[in-house]
Amino acid sequence: MAPPSTDELGKIIYETGRLAELEKAIEGDDPMGVVVVLQDVGVSNEVISRMLLELDKEYLLALVDAAHAAKG
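Cut-offs and rules
- Residues numbered from 1 in each chain as written.
- Predicted model: local features only at pLDDT ≥ 70, side-chain atom pairs only at ≥ 80, totals over all residues.
- Heavy atoms only, no water.
- Axes fitted to C-alpha atoms, helices over the stretch in contact; angles between N-to-C directions.
- Helix = DSSP H or I, 4+ residues; strand = E, 2+ residues; numbered from the N terminus.
- Parallel < 35°, antiparallel > 145°, perpendicular 65-115°, else oblique.
- Left-handed = near helix turned anticlockwise from the far one by under 90°.
- Contact = heavy atoms within 4.5 Å.
- Nonpolar A, V, L, I, M, F, W, Y, C, P; charged D, E, K, R; others polar.
- Salt bridge = Lys/Arg side-chain N within 4 Å of Asp/Glu carboxyl O.
- Buried < 20%, exposed > 50% of the residue type's maximum accessible area, 1.4 Å probe, protein only.

Novice: I keep staring at the packing of helix α1 (residues 6-15) against helix α5 (residues 57-69) and nothing clicks. Help me out?
Specialist: If you want to describe how two helices pack, look at the angle between their axes and the distance between the axes. The contact between α1 and α5 brings their axes to 7 Å, and the two run at 60°. Of the possible angle classes, the one that applies to α1 and α5 is oblique. Crossing hand, α1 versus α5: right-handed. Contacts between α1 and α5 involve T6, D7, L9, G10, I13 and Y14 from the first element and Y59, A62, L63, A66 and A67 from the second. Of the residues in the contact of α1 with α5, the class split is eight nonpolar, two polar and one charged.

Novice: Looking at this model, I keep getting lost on the side chain of R18. Mind explaining?
Specialist: Tracing the chain through its elements places R18 in the loop between α1 and α2 (19-27). Apart from the residues within four sequence positions on either side, R18 is in contact with I13, V36, V37, D40 and V41.

Novice: In this structure, what is going on with the packing of α2 against helix α3 (residues 31-40)? I would like to understand it.
Specialist: Packing of α2 against α3 brings their axes to within 7 Å, and their N-to-C directions diverge by 155°. Taken together, the axes of α2 and α3 lie roughly antiparallel to each other. In terms of crossing hand, the pair formed by α2 and α3 is left-handed. The residues of α3 that touch α2, namely those facing E21, L22, A25 and I26, are G33, V34, V36 and V37.

Novice: Please clarify how the pattern of salt bridges should be interpreted in this entry.
Specialist: Per the counting criterion, the structure on display carries three salt bridges. Its salt-bridge partner being R18, residue E21 comes within 2.7 Å of it at the nearest N-O pair. Note on E21: relative accessible area 34%, which makes it partly exposed. A relative accessible area of 16% means that R18 is categorised as buried. One salt bridge connects R18 with D40, and the closest N-O pair in it is separated by 2.9 Å. Pair noted here: R18 is in the loop between α1 and α2 and D40 is in helix α3, with a separation of 22 residues, a long-range link. You can call D40 partly exposed: its relative accessible area is 47%. Each of the salt bridges in this network shares a partner with another, and the network as a whole consists of R18, E21 and D40.

See below:
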């Protein structure tokens, strides 16, 4: 199972009000904080594990950008 696109996941993060928490976790280099947000918005543990193995901070920053873009 592939991770959701950054646009799709960013929209979900924005709509669930978790953007500030995700930004804080990324800026604080807090991987568990990122995991908690992803779990809370419905990303499976399998996908999170795969994401953590494959992605870097650039993906996470793109995710935050996508969540900001979802604001309109």
